[in-house]
Amino acid sequence: MAATKEEIVSGLAEIVNEVAGVPTEDVQLDKSFIDDLDVDSLSMVEVVVAAEERFDVKIPDDDVKNLKTVGDAVEYILSHQG
Amino acid sequence: MTHAITPRRGAEHSRILGVGGYRPHRVVPNEELLQYIDSSDEWIRTRSGIATRHWAGPEETVTEMSVAAAGKAIAQAGIRPEQIGCVVVSTVSHFKQTPAVATEIADRIGASPAAAFDISAACAGFGYALNLADGMVRNGSAEHVLIIGVERLSDLTDIHDRSTAFLFGDGAGAAVIGPSDTPGIGPVVWGSDGAQAGVITQTQAWDAFKGEAGVGGPSKEATYPALTMEGQTVFRWAVWEMAKVAQQALDAAGITADQLDVFVPHQANMRITDAMIKALKLPAGVPVARDIAETGNTSAASIPLAIERMLASGEAKSGDTALLIGFGAGLVYAAAVVVLP
């Protein structure tokens, strides 16, 4: 069953916390992964791979660079999840 | 009429009898690179785990570094050079492609008339050479095989590229493979994925320099090639695809992760190593090679250099069961469980 927007946000927050040690409450839709959450390009790949597993979605590398904010990632997962 | 041909037979088993390394004298700290790239010591350490690397001087040629590393490996193996039946050199940074540098090295160490040739398997070169050597020892092609990974990647580094200038280093690592009463080299799991040939590559081919009027004519305008890579794509492949390959090597050898004494991944990037440990679910107590901090990424040389350091520091000891995995430009990979010399 596809995840709801709220489930994706909270799931991403847990993943970002696990990968980069960012408190889950800081992971908000308008936050930039790189500028606000200190998730660098390699950590971003870890986030993406974990999100792929959790939400049954494929996120190719070419699309990863378009995911600037948490909101971008949530929208991407919402529209691509299997 | 068909006559019965006498087949050749080799040793029942093979193992690594000795390893040796050579690190160039000049140590280049991150600070020294900041005159070329907009970066910081902290940024480089965070992204790669690298604090210093060794860059070879003019006298520290591919041949000289190899001869030095080979001498140590032969000494540890306790054999005479003339017992070496084949010399295999893996390198992507020896710029005279003919003749193979392996023949000169074989001659210099006193192994002539051993068979000698070079292979190009980038950062998987040590594992590729190990697989060849294991086969040769067990089919009798050679009693002992000297394998060498050697690179002068500083010659292929664009020091103005802030994403790679800090990454690469120079050095040589050698190992002697020979007969053994017990299995010392597990099945090598190797392969390639040429569909991703472009994700780590030199920026252009050498024939970009061929003269307008043909070979031997004045060179065309061309920018000297450097190594370039797509960091995120390489990272994803190197961690999650290579964790599967590492697991296959464990399974093929009949070894479980908790039976491992040491893990020696190619020293590509500390972040890759850390993520691979997680993906592999490697038990917390297993020592992991982290030579990259002082040596940078030396491609084919990195695994034997890392083994040598771990044996010297006592982090690993003779007889330990080690998982090795190399992966890089090609893309190519090779993994195996081995017993350390």
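Because the structure is a prediction, the values reported are computed rather than measured.

A.B. asks: Describe in detail helix H1 (residues 5-20) of chain A, supporting the description with residues and values.
C.D. replies: Residues and elements named next belong to chain A. In this model H1 runs 22 Å from its N-terminal to its C-terminal C-alpha over 16 residues, within 8% of the 22 Å that 1.5 Å per residue would give. Listing the buried residues of H1 in full gives Ile 8, Val 9, Gly 11, Leu 12, Ala 13, Ile 15, Val 16 and Val 19. Where H1 is buried, its residues touch helix H2 (41-55) and helix H4 (70-80). Following H1 by one or two positions, Gly 21 has its phi on the positive side, about 70 degrees.

A.B. asks: How would you sum up the pattern of salt bridges? Please name residues and give values.
C.D. replies: Across all of its chains, the model carries 23 salt bridges over all chains by this definition. Ionic pairing is found between Asp40(A) and Arg47(B), a salt bridge with its closest N-O pair at 3.3 Å. Pair noted here: Asp40(A) is in the loop between H1 and H2 and Arg47(B) is in helix H2 (residues 41-48), and the two residues belong to different chains. With relative accessibility at 10%, the residue Asp40(A) sits in the buried group. The salt bridge partner of Lys58(A) is Glu52(A), with a shortest N-O separation of 4.0 Å. The exposure class of Lys58(A) is exposed, given its relative accessible area of 65%. Through salt bridges with shared partners, a single ionic network connects Arg23(B), Lys72(B), Asp291(B), Glu294(B), Glu308(B) and Arg309(B).

A.B. asks: Before we move on, could you go through the interface of chain A and chain B and cite the residues and values that matter?
C.D. replies: Each partner contributes residues to the interface: chain A has 14 residues there, and chain B has eleven residues. In this assembly, chain A packs against chain B so that about 1,200 Å² is buried in total across both faces, 51% of it on carbon and sulfur atoms. The three residues of chain A that bury the most area against chain B are Leu42(A), Glu46(A) and Asp61(A), which together make up 47% of that side's buried surface. Connecting chain A to chain B are five salt bridges. With a closest N to O distance of 2.8 Å, Asp40(A) and Arg271(B) form a salt bridge. Summed over the shared surface of chain A and chain B, the number is nine residue pairs in polar contact (both at pLDDT 80 or more). For the side of chain A that touches chain B, the secondary structure elements donating two or more residues are H2 and helix H3 (61-64) of chain A.

A.B. asks: Quick one: what's the story with unusual backbone geometry, residue by residue and with numbers?
C.D. replies: In this structure, Pro113(B) follows Ser112(B) across a cis peptide bond, with omega equal to 10 degrees. Relative to the assigned elements, Pro113(B) resides in the loop between helix H4 (101-109) and strand E5 (115-119). Cis rather than trans, the peptide bond between Gly330(B) and Leu331(B) has omega equal to -10 degrees. Its location among the elements puts Leu331(B) in the loop between strand E12 (321-328) and strand E13 (332-339). Phi is positive for Asp38(A), close to 60 degrees, though the residue is something other than glycine. Relative to the elements of secondary structure, Asp38(A) occurs in the loop between H1 and H2.

Rules and cut-offs
Residues numbered from 1 in each chain as written. Chains lettered and ligands numbered in written order. Predicted model: local features only at pLDDT ≥ 70, side-chain atom pairs only at ≥ 80, totals over all residues. Heavy atoms only, no water. Helix = DSSP H or I, 4+ residues; strand = E, 2+ residues; numbered from the N terminus. Expected span 1.5 Å × (residues − 1). Buried < 20%, exposed > 50% of the residue type's maximum accessible area, 1.4 Å probe, protein only. Contact = heavy atoms within 4.5 Å. Salt bridge = Lys/Arg side-chain N within 4 Å of Asp/Glu carboxyl O. Buried area = accessible area lost by both parts, 1.4 Å probe. Polar contact = N/O pair within 3.5 Å; in protein donor to acceptor, adjacent residues only side chain to side chain.

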